[in-house]
Amino acid sequence: MTAATLTARLRRTRQARRAAAPGARHLRPGWLAYTVLIAATAVFAFPFYWTVVAATQPNTAINAVPPALLPGGRLTGNIKEVLAETDLGKALLNSLIVAGSVTVGTVLCSTLAGFAFAKLRFRGRHALLALTIGTMMIPPQLGVIPLFIVIAKLHWVNQLQSVILPTLVSAFGVFFMRQYLLQALPDELVEAGRVDGASLLRIFLRIVLPVARPGMAVLGMLTFMAAWNDFFWPVIALTGDNPTVQVALNALGNGYVHDQSVILTGALLGTLPVLLVFTLLGRQIVSGIVQGSVKG
Amino acid sequence: MTQTATPPRFTVGPQRRGAGHVRRRGRWDVKYSPYAFVAPFFVLFAAFGLFPLIYTAYISLYRVELTDPGQRVWAGLGNYAGLLHDPFFWNALRNTFTIGAISTIPQLLMALGLAHLLNYRLRGRTFFRVAMMMPYATSVAAATLVFAQLFGRDYGLINWALGLVGVHRIDWQNGTWASQVGISTIVTWRWTGYNALIYLAGMQSIPAELYESAAIDGASRWQQFRHVTIRGLRPTIIFTVIVSTIGATQLFGEPLLYEGGTRGPSGGVSHQYQTLGLYLYDQGWSFFHLGRAAAVAWVMFLIIVVLVTLNTGIARLRSCDERALGRKGRALR
């Protein structure tokens, strides 16, 4: 049987399963459900709206009684001020480098290990998988002191690799890719490759990677968001001279800027890239979070 | 990054050999290359996950200054004893627990309710789901700076709105409870939607027949929710409780930037919202006392282990109880 027919069959069974989705409750909601949901959405959305208002108004207007509640026209002025205060351009570039490399590295490592745990038999795999799942419980934050000593010894303080390398470790990523490949990659496909005499690497490149791509995309988006938003370790490892966005925001908050509008303009600019990614790909991210969490 | 590129090369080598080696290569390949696949992750994990954790325990037994980390003086359990005699440690421990409770319990209950609503056949279903996730995409720093402004005592929007309905201005910064509620609000805002989606996924994997048979038995909507939905969600609920507990134990960014960061890691004028995370940072990077900070980190790790064990233990006990009850019920019938 060729790979094409197998994947086609796989797709058909998946479609059938979805049509008879067990939990899809065919209950029609009443107006109360909509009211509560709309109210909740408003609460979730309000801080974003307020950030836009504050970033487009002068400080005096948002601190007035009653405060300005609609966006104004001072966005460019506020942006100029925040750029004079912190090197937000450099911070955005640094965050892009950090989050980009962390994403590529994490997705690669996770797909390799996830494939091995999902489909390959080797001695010690149960123990290694248990170790991986166990470490999902260990917050990496707790290792900051030795990490700091190590990067101080290597003279990496304030250098981007000090943030990139420790963030590459993602037990969640390995687990996520394993769960994804368990159901997305039929055993027959791997077996067929084996029978044809292909090496595991070849099987990985030709068969596993194409099947894994949707899962890798979701994991990539989640990793990018997490790396972009990472706070504790970057604040320790970097300073205001070579900051990521979060380090710059931290410096902006505790600096000498008392202008709330300027601070919130910084928050807006630092959040915008991730929000942009999220509005474009929100659907996939949402489904990814849902898949990654439950199928344990 | 370079490490991730090595293992594939590891398996390319034998592949180039002639066809005569196929069988032997096959055996070798099947036996050993799985390790090459998991190696990049475990190498990184050993270097940046396991080693720092173990080394933290080691450092916590020494006196180490931030200014000269190479210089170590044996302190035995002195750092831990120091913690036990420091009222600020107990204060931080208490604050971590109270903020953890205020931020986690209402959050998970609201998430459960929202997930129930999202499980209906809604118009604009995707819109609601994505909207609930937006806070999750926001960074701690950005969210906290915005809320710090909203919670301002004199010019904050929340106090202004409260004033409209006749509530006197609340001091969200200096009041112990008020500041802890403020910080918990940020946590709740960021994580409710995420947990709601996880519950939603759990709800969707509950077989519809269970609801049907419950309805045939005459169960009301509320009884269905309690006995079918909640029971079906139990593993998911345990998962979210564990994740939230771990998150709450290491709360750091929100209290650090709650007053715009002007208070540093002190956690307010009278440390009223200093968490263990802030206390750790304070010990290490304000007082330059890395050994003490490592002791705090190790204590946090132990707290997490205890809480996670408790959570899973209670969950297991309860499901055992219920199975026993169920058997009894069936016998009576």
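Residues numbered from 1 in each chain as written. Chains lettered and ligands numbered in written order. Predicted model: local features only at pLDDT ≥ 70, side-chain atom pairs only at ≥ 80, totals over all residues.

Participant: Before we move on, can you summarise unusual backbone geometry with the specific residues and values?
Facilitator: Even without a glycine there, the phi angle at His155(A) is positive, about 60°. Along the chain, the position of His155(A) falls in the loop between α7 (144–153) and α8 (161–167). A positive phi angle is found at Phe288(B), which is not glycine, with a value near 60°. Along the polypeptide, Phe288(B) turns up in the loop between α12 (276–286) and α13 (290–332). You can call Phe288(B) partly exposed: it has 15 C-beta atoms within 10 Å. (Helix = DSSP H or I, 4+ residues; strand = E, 2+ residues; numbered from the N terminus. Buried ≥ 20, exposed ≤ 12 C-beta atoms within 10 Å, placed from the backbone.)

Participant: Could you give me a rundown of the UniProt feature "domain: ABC transmembrane type-1" (unreviewed entry) in chain B, with the residues and numbers involved?
Facilitator: Taking the numbering used here, the UniProt-annotated feature "domain: ABC transmembrane type-1" (unreviewed entry) corresponds to residues 93–311 of chain B. The annotated region residues 93–311 of chain B carries 74% helix and 0% strand content, and the separation between its end C-alpha atoms amounts to 19 Å. (UniProt positions renumbered as here; feature names shortened; annotations may be inferred.)

Participant: Describe helix α10 (residues 221–249) of chain B, with residues and values.
Facilitator: Over its 29 residues, α10(B) runs only 36 Å from end to end, short of the ideal 42 Å by more than 12%, given 1.5 Å per residue. Within α10(B), burial applies to Val228(B), Thr229(B), Leu233(B), Thr236(B), Ile237(B), Thr240(B), Val241(B), Ser244(B), Ala248(B) and Thr249(B). (Expected span 1.5 Å × (residues − 1).)

Participant: So what about the UniProt feature "transmembrane region" (unreviewed entry) in chain B? Which residues, and what values?
Facilitator: Residues and elements named next belong to chain B. The UniProt feature table records "transmembrane region" (unreviewed entry) at residues 32–55, 97–118, 130–151 and 295–317. Secondary structure within residues 32–55 divides into 100% helix and 0% strand; the distance between the first and last C-alpha atoms comes to 31 Å. Helix and strand shares over residues 295–317 are 100% and 0% respectively, and the end C-alpha atoms of the span are 33 Å apart.

Participant: Explain the confidence of the model for chain B to me, and be specific about the residues and the numbers.
Facilitator: All names here are of chain B. For chain B, the average pLDDT comes to 84, and 89% of its residues sit at 70 or higher. Across chain B, the element-wise mean pLDDT spans from 35 in helix α1 (residues 2–15) up to 95 in helix α4 (residues 87–118). Overall fold confidence for the complex sits at a pTM of 0.85, while the interface term, ipTM, reaches 0.84. (pLDDT = per-residue confidence, 0-100.)

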